[in-house]
Each structure stands twice: as structure tokens, then as C-alpha cells.
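Coordinates in review
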Amino acid sequence: MRSLSCLLILSALLVQARPADACSRSVCWGGAFVPGDASTIPSNAPGLYWRPGSGESGAPSPASVRLTTVGAPGSALPFTATSLPGGDYVLVPAAPLVEGTSYVLEDLSICNGTARPRVTFTAGPSAPLPTSLGTVSTDPHGYRAEIDVATSVGSCSTTIDATLFGIALEPSAEAAPWMALLMFETVVDDQRWVAQESINVATSPGASWKGRGRDLLYRICTPNPDASYQGMSLGGHQVAFRASLPTAQPISAAPLGIELMCDLAPDTDPDDDSAVGCASSKPSSSSLILVAFAALLRRRRR
């Protein structure tokens, strides 16, 4: 009986010690179109965007993509497909889009019974191609929180303790009609920001992990080497949005200066209870109270 009890305990320990199952994206990821579903774009759009899905036995082919109108679903509209370096495609209709007409863009290929994307969009009034993007807005101080970010160490994501800065584009009048078609990138100190919440969540083309024309920046306060992307370093940074239309030159928003600070220094023991959390570069009310208390003690000693 004792041997059986020991065996059960040992089995339980082995089960608990087993590492987490590996995390990976579905073999049949469906792909994506830009513009997205239920959107409106100018009728003079220079092109549409297609990111092929994964899981096909052969290379993705634009022959599986069909463009039609809602009013004539049986009549395919011709287009030319130009491949991009990363494997995506720009689709340019042979005839200009007609204002007020709704279109259907779909990928007819199937992977293990999984359907590919299908979007419906409407052609709105034509608009000049934008030469300015707009401005970046943010909370100038940020806030502290725990969030999940991507990791490749056994699981899909890991939790970090960080100072967070949400940013959003306030589009210029020129850029506003094109928001559904613009392909956005977030740029921090002239480098692309590529954060994800999980390695098995695909980010839509032209969007960040928080959406189109907005993003979430962070600095890790308590070191976590499991995070795939370690975030921003301590101090000041220049952040901006960069965007482009298919076949058009990129445009950028004016950079915005922000400062990411943590009261907990990177080389401080994170288990030290005397350490406080992340904060902006401005002193907190608790810091001011401590300074006043120290000054009062000095006066009493004198």
C-alpha cells in the first residue's frame, strides 16, 4: 500500500513538472484583405491589398482571389496582381471603382475546410492622395499595468509589469478619407515597433496589435527575459506613425517626444519591497511627501 502511495505521489509530481505545451499558430491561418469588411474607401484608390493565408499545399496564387460587385456577384472584375517582397500582393482593378458601388473581395481557396477571408467594401467619393498623415496624440505620463506580450518560451504569452503609453493618430483632412486603406507602421526612434500580445495571434496588415492608426508602447519595469520584445529603454524617445497606400509613397506623422521612466531601476532587486513602481518623469505626490518629511526632520535636529 505504501509503495502504491509513493507511486501516486511520484506520478503527480511528474505531471506537475511537465513543461507547458508548445504554442503555435493554426496551420490554416486565413489571410487578410485591406480594406477590411464594411469599410469605405475613395473610388480613386490606387489598389487593394491581399495577404495570402498559410497552409496551402502550393504557393498562394492571385488566381484564387475574386473581385465582384454586390449587385452582380456572378461577374468577376479583372485586376492585375503585383507581388511584394514579403509575399503579399497589391491588386489593381482594371477599371476604376464606381462611387456608391459596393464590392466583394474574397479568396476562394480552402485549407482543410477552413474558408479564406471575404470582405465587402464601398467606393466613396474620390479624394486627393494624401501628402500629410496627421499628428500623434498620447497621454504624456503613461500608466503602470500588467499586460500579456508574446513569448516563444514554451507558451504563447507572458505577463510583464510595465509603464504603458497608448498612442493614436489624429489624421489630417487629407488622410481621413484613406484611413481604411492606409498601411500603418509605428516607428520609435526610426525603428519599427513590432509588439504582439501572443505568438499565435496574427496582426492584420497595416495595423498594430491595438488596431489601425493606434498602438501601445511599453517599457518593462520588472525584468522579464521571456518576453519576445523587450520594449523601450529608459528615457526619452521619438514616436511616429508611418503609412502608405498601395503603389504610393509612404507619408509620416510628425514625431512626438515621450519619456518612459520607472522608479525601479533595471539593476534593482524586483523583490525589494522598498522599490516603487513605474512613473512619469514628474515627481509623484508620495515623493513630494517624503521630501517634505525629510526636511522637517532636519529642522528638528537643528
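Residues numbered from 1 in each chain as written. Predicted model: local features only at pLDDT ≥ 70, side-chain atom pairs only at ≥ 80, totals over all residues. Heavy atoms only, no water.

Some words on the packing of aromatic side chains
To keep things clear, this is the line we draw: Note on ring pairs: Phe, Tyr and Trp rings are taken, using the six-membered ring of Trp, and paired if centres are within 6.5 Å. Classes follow the plane angle, with under 30 degrees stacked, over 60 edge-to-face and the rest tilted. Here, over-ring charges are defined by two tests on the NZ atom of lysine or the CZ atom of arginine: distance to the ring centre within 6 Å, and angle to the ring normal within 35 degrees.
Scanning the entire structure with this criterion turns up 6 aromatic pairs. Taken together, the aromatic side chains of Trp193, Trp209, Tyr218 and Tyr229 make up a single cluster linked through ring pairs. Sitting over the face of the ring of tryptophan 209, lysine 210 holds its NZ or CZ atom 4.7 Å from the ring centroid.

Examining the nonpolar core
Inclusion rule: Residues enter a nonpolar core if they are buried and are Ala, Val, Leu, Ile, Met, Phe, Trp, Tyr or Cys, with the set joined through side-chain atoms within 4.5 Å. Think of it in three bands: residues with accessible area under 20% of the maximum for their type are buried, residues over 50% are exposed, and the middle band is partly exposed, with areas taken using a 1.4 Å probe on protein chains only. Secondary structure counts use DSSP, requiring at least four H or I residues in a row for a helix and at least two E residues in a row for a strand, with both numbered from the N terminus.
Leu105, Leu133, Leu217 and Tyr218 are the most contacted members of the largest nonpolar core, which has 52 residues in total. Here the element with the most residues in this core is strand S13 (residues 157-171); it accounts for 6 residues.

Things to note about the pattern of salt bridges
Put simply, the rule reads: Here, a salt bridge means any Lys or Arg side-chain nitrogen found within 4 Å of an Asp or Glu carboxyl oxygen.
This structure, assessed with the given rule, holds 6 salt bridges. Here glutamate 106 and arginine 118 are joined by a salt bridge, their closest N and O atoms 3.5 Å apart. Here glutamate 106, found in strand S7 (residues 102-107), pairs with arginine 118, found in strand S10 (residues 118-124); they are 12 residues apart in sequence, far enough to count as distant. Among the salt bridges present, the one from arginine 192 reaches glutamate 185, with a minimum N-O distance of 3.8 Å. Glutamate 185 gets classed as partly exposed once you look at its relative accessible area, which sits at 26%.

Structural notes on the pairing of S10
It is a general feature of regular strands that their side chains alternate between the two faces of the sheet. Heads up, the condition is: At least two DSSP bridges between two strands are needed for those strands to be called paired.
Across 4 bridges, strand S2 (residues 39-42) lies against S10 in parallel orientation. Pairing of threonine 40 across the sheet is with threonine 122, part of S10. Bridge count for S7 against S10 is 5 bridges, and the pairing is antiparallel. Of the residues in S10, the one forming a bridge with serine 102 is threonine 122.

Thoughts on the confidence of the model for the chain
Operational definition: A residue's pLDDT is simply how confident the predictor is in it, with values from 0 to 100. Throughout, a residue-residue contact means that at least one pair of heavy atoms, one from each residue, lies within 4.5 Å.
Per-chain confidence: the chain averages 80 in pLDDT, with 77% of residues scoring 70 or above. The low-confidence segment residues 1-20 (pLDDT under 50) makes 1 contact with residues lying over four places distant or belonging to another chain. Throughout residues 264-302 the model reports pLDDT below 50, and contacts reaching past four residues in sequence, or to other chains, amount to 32 contacts.

So, the environment of proline 117
Inspection of the secondary structure puts proline 117 in the loop between strand S9 (114-115) and S10. Relative accessible area serves as the criterion here: at 16%, proline 117 is assigned to the buried category. Through-space distance from the C-alpha of proline 117 to that of phenylalanine 33 is 7.3 Å; in sequence the pair is 84 residues apart. Proline 117 has contacts with Gly30, Gly31, Ala32, Phe33, Leu105, Glu106 and Asp107, leaving out every residue within four places of it along the chain.

Notes on the sheet that holds strand S6 (residues 89-93)
Two modes of strand pairing occur in sheets, parallel and antiparallel, and in both the strands are linked by backbone hydrogen bonds. To be explicit about the condition: Inter-axis angles, ranging from 0 to 180 degrees, are taken between N-to-C directions of lines fitted to C-alpha atoms, where helices are fitted over the stretch in contact.
Ordered by their spatial adjacency, 4 strands build an open sheet running S1-S3-S6-S5, and the pairing between neighbours is antiparallel. Strands with a single pairing partner mark the edges of an open sheet, and in this sheet they are strand S1 (32-34) and strand S5 (79-83). With strand direction ignored, the average angle separating the axes of adjacent strands in the sheet is 25°. Here strand S3 (residues 48-51) runs beside S6; their pairing, made up of 3 bridges, is antiparallel. The residue of S6 that forms the bridge with tryptophan 50 is tyrosine 89.

A closer look at the sheet that holds S7
The 4 strands are arranged S2-S10-S7-S4 in an open sheet whose pairing can be described as mixed. What marks the edges here is a single partner per strand, and that holds for S2 and strand S4 (65-69). Here the strands of the sheet are splayed against their neighbours by 30° on average, with no regard to which way each runs. The pairing of S4 with S7 spans 5 bridges and is classified as antiparallel. Opposite leucine 67, over in S7, you have leucine 105 as the bridge partner.

A look at the environment of alanine 173
Mapped onto the elements of the fold, alanine 173 is located in the loop between S13 and strand S14 (183-188). Separated by 43 residues in the primary sequence, alanine 173 and proline 130 have C-alpha atoms spaced 8.6 Å apart.

A short note on unusual backbone geometry
Look at the link from valine 34 to proline 35: it is a cis peptide, with omega at 15°. With respect to the helices and strands, proline 35 occurs in the loop between S1 and S2. Even without being a glycine, aspartate 190 presents a positive backbone phi close to 65°. Residue position: aspartate 190 is located in the loop between S14 and strand S15 (191-192).

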